[in-house]
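Architecture and fold: a report
If you want the building blocks of each chain, they are given just below.
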Amino acid sequence: MSIELLKRAPDELELAAKRIRQDLVDPTNDLPPRTSDLAAPIMHLTGHSAEVFTSKFGPFGDILASAGFDRQIFLWNVFGECENIACLPGHKGAITQISFTKDGTHLVSAATDKSLALWDLEAGVRVRQFKSHQSFVNSCDVSGDPAMVCSASDDGTIKLWDSRRRHCVTTLNNQYQVTAVCFNEKGDSVVSGGIDNAVKIWDLKHKEASTLMKGHVDTVTSLALSPDGNYVLSNSMDNTLRMWDVRPFAPANRCVKVFVGAQHNFEKNLIRCCWSPQGTKVVCGSADRMVYVWDTASRKLLYKLPGHSGSVNDVDCHPNQPILMTCSSDKSIFMGELK
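Throughout this document, residue positions are counted from 1 along each chain, in the order its sequence is written. Owing to the predicted nature of the model, reporting of local features is limited to residues with pLDDT of at least 70; listing and counting of side-chain atom pairs is limited to 80 or more, with chain, interface and lining totals taken over all residues. Values shown for side chains rest on all heavy atoms present in the structure; no hydrogens or waters enter the calculation.

**Concerning the layout of surface pockets**
Of the pockets and cavities examined, the largest pocket occupies roughly 1,000 Å³. The helix count covers DSSP runs of H or I at least four residues long, the strand count covers runs of E at least two residues long, and both are numbered beginning at the N terminus. Elements supplying a minimum of two residues to the lining of the largest pocket: β2 (52-57), β6 (95-100), β10 (137-143), β14 (178-183), β18 (220-225), β22 (273-275) and β26 (312-317). Here the lining of the largest pocket is built from residues that sort into 20 nonpolar, 12 polar and 7 charged. Throughout, the protein atoms alone are placed on a 1 Å grid, and a set of points is a cavity if a 1.4 Å probe fits but cannot get out or a pocket if it is open with protein on both sides within 12 Å along at least five of seven lines; lining residues have an atom within 4 Å of a point. Grid points are joined across faces, edges and corners, and a volume is the space filled by probe spheres set on the points. Considering only enclosed or pocket space, the second largest pocket measures out at about 540 Å³ in volume. Examining the composition of the lining of the second largest pocket, we find that 4 residues originate from one element, strand β28 (residues 332-337), more than from any other. Of the residues belonging to the lining of the second largest pocket, the class tally is 13 nonpolar, 5 polar and 4 charged. Just so you know the grouping, Ala, Val, Leu, Ile, Met, Phe, Trp, Tyr, Cys and Pro go in nonpolar, Asp, Glu, Lys and Arg go in charged, and all remaining residues, Gly too, go in polar.

**Digging into the sheet that holds strand β17 (residues 208-213)**
The 4 strands lie next to each other as β14-β15-β16-β17, forming an open sheet whose pairing is antiparallel. The sheet is open, and its two borders are formed by β14 and β17, each paired with just one other strand. Direction aside, the axes of adjacent strands within the sheet are offset by 25° on average. Pairing of β14 with strand β15 (residues 189-194), which is carried by 5 bridges, proceeds in the antiparallel orientation. Looking at β15, one finds that Phe183 is bridged to Val190. Think of it this way: DSSP has to see at least two bridges between two strands before they count as a pair. Only C-alpha atoms enter the line fits that serve as axes; for helices the fit covers just the stretch in contact. Angles between N-to-C directions range over 0 to 180 degrees.

**Structural notes on the sheet that holds strand β23 (residues 281-284)**
Spatially, the 4 strands line up as an open sheet ordered β22-β23-β24-β25, and their pairing is antiparallel. Strand pairing shows two members of the sheet lacking a second neighbour, β22 and β25 (301-305), which therefore form its edges. Ignoring strand direction, the axes of neighbouring strands in this sheet form an average angle of 15°. Sheet analysis places strand β24 (residues 291-295) next to β25, joined by 4 bridges and oriented antiparallel. In the sheet register, Tyr292 faces β25, and the bridge partner there is Lys304.

**Brief notes about the side chain of Arg272**
You can see Arg272 is positioned in the loop between β21 (255-260) and β22. As used in this structure description, the phrase polar contact means that two N or O atoms lie within 3.5 Å; if the pair is within protein, one of them must be able to donate a hydrogen and the other to accept it, and residues adjacent in sequence are counted only when both atoms belong to side chains. Side-chain polar atoms of Arg272 contact the backbone oxygen of Thr221, separated by 3.2 Å. The contact criterion used throughout is that any non-hydrogen atoms of two residues lie within 4.5 Å. Contacts of Arg272, omitting those with residues within four sequence positions, involve Thr96, Gln97, Asn138, Ser139, Thr179, Thr221, Ser222, Cys284, Gly285, Asn313, Asp314 and Val315.

**Section: the pattern of salt bridges**
Each reported salt bridge corresponds to a side-chain nitrogen of Lys or Arg within 4 Å of a carboxyl oxygen of Asp or Glu. The tally for this structure, following the rule as stated, stands at 5 salt bridges. Where Arg34 meets Glu337, a salt bridge forms, and the shortest distance between an N and an O atom there is 2.8 Å. On the criterion of sequence distance, the pair formed by Arg34 in the loop between α1 (10-25) and β1 (42-46) and Glu337 in strand β28 is long-range, its members being 303 residues apart. Here Asp196 makes a salt bridge to Lys200, at a shortest N to O gap of 3.2 Å.

Following this line, the structure appears as structure tokens:
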């Protein structure tokens, strides 16, 4: 019996060896295709020295801002190595929420030092400070050009500010502490939520609550206007999110959907929620260290995302790409791409 040796050219052997090495070391063939321009599918941003309570993408998606208990606002590049490009100190208390102006040139921050601040992002300086609240400022939102700012406070008031002036333009008096606020699409109404469990629509012309929406049975911690301006998403300490129809002539029962899953706990953080840019998904942070993503139409839970080691306090969706950002009490920020 003879044994026949199979001879291969040196080039063939080298190619075969290279193919085996690639299969062992580089498993990219089995990974799903990339859906964003992030440097990696998941980016982890660290640098804050205390809990991060709020984070937002800029309107053009090139930068993001984050802030929290360390009283500083950090600006980061979204793409590349996600460098920390600026640090904006100035507040004397924890920063509870931030909001970009529509043109992306300025940023508004609310804080527990009873004030709000307007920041010039190009110069990296505070250009205006708004002082009138008598207690912690829990929430803020920006609308229009020139920018109008609304704020909600533990002093039981919602205040409206013109970004070009230092003094308050309008004060709306609520009976209880107000923990969340947002403008409607036209900027002629404000939606608020607080420890009275109700979501209210305030008519800025008549300076009164024109619509009272009941359904939550615990404190409302966050409000987010849908991209089409027809709905408001609310998150509550009763562990539900509710979707409300805020159109002028909506039916009497304005609660159209309820989303269940996200948790609150003894920390009583003001956990925020948001919409995807097309309004097809809703996202919320959670005290159980997870991030919850639902399909808006079916209310089906699409993702329950781990990663953080503390309460997830704020979430935001990139304006142009399928990127989700989360910030947490573990002092860090995650950016990850979705399908």
